[in-house]
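Below are the chains, spelled out letter by letter.
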Amino acid sequence: MLDVRGLTKRFGSTEVLKGIDLAVRPQELVFVIGPSGSGKSTLLRCCNRLEEPTDGSIRFAGQELLAPKVDINAMRRRIGMVFQSFNLYPHMTARGNVMLALRKVLKLPRDQARAEADAALARVGLGDRAGHHPNALSGGQQQRVAIARALALKPEVMLFDEPTSALDPELVGSVLAVMRDLKADGMTMLVVSHEMRFAQEAADRVVFMDGGVIVEQGPPSQIFGAPTHERTRAFLSRVL
Ligand code: ADP
Ligand code: MG
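Residues take numbers from 1 onward in each chain, read along the sequence in its written order. Chains carry letters from A onward and ligands carry numbers from 1 onward, assigned in written order. For a predicted model such as this one, the threshold for reporting local features is a pLDDT of at least 70, and the threshold for listing and counting side-chain atom pairs is 80 or more; totals across whole chains, interfaces and linings nevertheless cover every residue. To get the side-chain values, take all heavy atoms of the structure and skip hydrogens and water.

1. Quick look at the UniProt feature "domain: ABC transporter" (unreviewed entry) in the protein chain
UniProt positions are given in the numbering used here, feature names are shortened, and annotations may be inferred rather than shown by experiment. When the UniProt feature table is mapped onto this chain, "domain: ABC transporter" (unreviewed entry) is found at residues 2-236. Comment: elements are numbered from the N terminus, with helices defined as DSSP H or I runs of at least four residues and strands as E runs of at least two. In the segment residues 2-236, helix accounts for 37% and strand for 26%; the C-alpha atoms at its two ends are 27 Å apart.

2. Points about the site of ligand 1
Nearness is judged by heavy atoms alone; a residue qualifies as near a molecule or strand once a single heavy atom is within 4 Å of it. For ligand 1, the full set of nearby residues is Phe-11, Val-16, Pro-35, Ser-36, Gly-37, Ser-38, Gly-39, Lys-40, Ser-41 and Thr-42. At a separation of 2.7 Å, an oxygen atom of ligand 1 approaches a polar backbone atom of Gly-37. Whenever two N or O atoms come within 3.5 Å, that pair is a polar contact, provided that in protein one can donate a hydrogen and the other can accept it, and provided that, for residues adjacent in sequence, both atoms are side-chain atoms. In this structure, Lys-40 approaches ligand 1 through a side-chain N or O atom, which is 2.8 Å from an oxygen atom. All accessibility values rest on the Shrake-Rupley procedure with a 1.4 Å probe; residue burial counts only the protein chains present in the view. Against a free-state accessible area of 560 Å², the protein chains account for coverage of 57% of ligand 1. In terms of residue count, the dominant contributor to the shell around ligand 1 is helix α1 (residues 40-46) (3 residues). Residue type decides the class: Asp, Glu, Lys and Arg count as charged, Ala, Val, Leu, Ile, Met, Phe, Trp, Tyr, Cys and Pro as nonpolar, and the leftover types, Gly among them, as polar. Its residues assigned to classes, the shell around ligand 1 comprises 3 nonpolar, 6 polar and 1 charged.

3. Quick word on the packing of helix α5 (residues 139-151) against helix α6 (residues 169-184)
What describes two packed helices is the angle between their axes and the distance between those same axes. Angles here are taken between N-to-C directions and fall from 0 to 180 degrees, while the axes themselves are lines fitted to C-alpha atoms, restricted in helices to the stretch in contact. Viewed as axis vectors pointing N to C, α5 and α6 meet at an angle of 25 degrees, and their least axial separation amounts to 7 Å. Relative to α6, the element α5 lies roughly parallel. Crossing angle aside, the handedness with which α5 passes α6 is right-handed. Across the interface between the two elements, Gly-139, Gly-140, Gln-143, Arg-144, Ile-147 and Leu-151 from α5 touch Leu-171, Ser-174, Val-175, Val-178 and Leu-182 from α6. Its residues assigned to classes, the contact of α5 with α6 comprises 6 nonpolar, 4 polar and 1 charged. Angle categories: roughly parallel below 35 degrees, roughly antiparallel above 145, roughly perpendicular from 65 to 115, and oblique for all the rest. When the near helix sits turned anticlockwise from the far one by under a right angle, the crossing is termed left-handed; a clockwise turn instead gives a right-handed crossing. Between two residues, a contact is recorded if the distance between any of their heavy atoms is within 4.5 Å.

4. Section: the environment of Asp-161
Within the element layout of this structure, Asp-161 appears in strand β7 (residues 157-161). Residues Asp-161 and Pro-68, 93 residues apart in the sequence, show an inter-C-alpha distance of 26 Å. Residue contacts for Asp-161: discarding those within four places in its chain leaves Ser-41, Leu-44, Met-81, Val-82, Phe-83, Gln-84 and Val-192.

5. Some thoughts on the environment of Val-32
Relative to the elements of secondary structure, Val-32 occurs in strand β3 (residues 29-33). Only protein chains enter the area calculation, which uses a 1.4 Å probe; residues under 20% of their type maximum are buried, those over 50% are exposed, and those in between are partly exposed. Judged by relative accessible area, which is 1%, Val-32 ranks as buried. Look past the residues within four positions of Val-32 in its chain and what remains in contact with it is Lys-40, Leu-190, Val-191, Val-192, Ser-193, Val-207 and Met-209.

6. Remarks on the nonpolar core
The term nonpolar core refers to a set of buried residues drawn from Ala, Val, Leu, Ile, Met, Phe, Trp, Tyr and Cys, joined through side-chain atoms within 4.5 Å. Among the nonpolar cores identified, the biggest contains 52 residues, and Phe-31, Ile-33, Val-98, Ile-147, Met-158 and Phe-160 are the most heavily contacted of them. Beyond its immediate sequence surroundings of up to four residues, Met-158 is in contact with Gly-80, Val-82, Ile-147, Ala-150, Leu-151, Met-187, Thr-188, Met-189 and Leu-190. Formed by 28 residues, the second largest nonpolar core is a distinct cluster that contains Val-24, Val-32, Leu-43 and Val-70.

7. Observations regarding the pattern of salt bridges
Side chains carrying opposite charge are able to pair once their charged atoms draw close together. Within this document, salt bridges are pairs made up of a side-chain nitrogen of Lys or Arg and a carboxyl oxygen of Asp or Glu, the two lying within 4 Å of each other. Scanning the model with the defined rule gives 15 salt bridges in all. Between Arg-95 and Asp-118 there is a salt bridge, and its shortest N-O distance comes to 2.8 Å. Taken together, the residues Arg-95 in helix α3 (residues 94-105) and Asp-118 in helix α4 (residues 110-123) connect sequence positions 23 residues apart. A salt bridge links Asp-204 to Lys-183, with the shortest nitrogen-to-oxygen separation between them at 2.5 Å. Residue Asp-204 is located in the loop between α7 (196-202) and β9 (205-210), and its partner Lys-183 is located in helix α6; the two are separated by 21 residues in the primary sequence. Since its relative accessible area comes to 22%, Lys-183 is described here as partly exposed. Linked by salt bridges that have partners in common, Arg-25, Glu-28 and Arg-205 make up one network.

As C-alpha cells, then:
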C-alpha cells in the first residue's frame, strides 16, 4: 500500500531522515516509536508531501508519489492524516468542520456533504454531537471530529502523528477505541504514538526510529519483549 525506499530528508545541512525503508501492507497497522527528534513526524509528513523529501521513493498504491508530474492533491485525498493538534475551525460546528472538507476537497453538494459528515461523525461515536462547536467538546471528542474529517474523504491509508499526545489521560481511550475500530474495519494505518500498551495490543508491527534511521522493527512481542538493539532497550526502559 505504502512503500518507502531510501527516503532522505535534509533541512539545510541537517539530515533528519537518513535512508528510510518501510513498507506498509494493506490493512496493516504499523506503529512508529522513538525519541523526540528522531524524525517520526518528518517521515509521516513526507508520506503525503507536506514535507518534500530530499531523495528516495514513496510508492502509494503502485504510484510514485515523488514523481514530478503526480497530482499530489488527488493523492492526498487518498491519504488521511491526523495530527496531535486537532486544527478544527472554532467558529464551525463538528458537522461544519467535516462538511467543509467534503465540500472543498470532494466538491460535494451541500446535502450530500451533510449526510456524509453525519455518517463520519457517527462512525467515531459523535452522532449526537454534530451540532456542537469545538469549544463545547472535550479534547478527545475534538480529536474524533478531526478523525471523522479525514475519514469522510474515504482515504485508503491513515497517518496518525501522536493523535493522543495533547489529551488528558482520561480522554485517550476514546480516541484509541476509534483507531481500534478502524483497524477492525480493515483500514491501513501508520501511527506515531507513545501509547505503548495500545501498540502491544493493536499493532501488527512496531518500528523503532532513532537519529533518522530505523534501528529495528518487528512484531510488538519482539520489540517490547526482546529488543535486539541497545538503543531500543534504552528507549523502552525510559518509556515503559
Ligand atoms: P520527531 O517527530 O521524531 O520528534 P521530527 O520529525 O519532528 O522528529 O524532527 C526531526 C528533526 O528534524 C528534529 O531535529 C527537528 O528539529 C528537525 N526539523 C523538523 N522540522 C524541521 C524544519 N521545518 N526545519 C528544520 N528542522 C526541522
Ligand atoms: Mg513528532
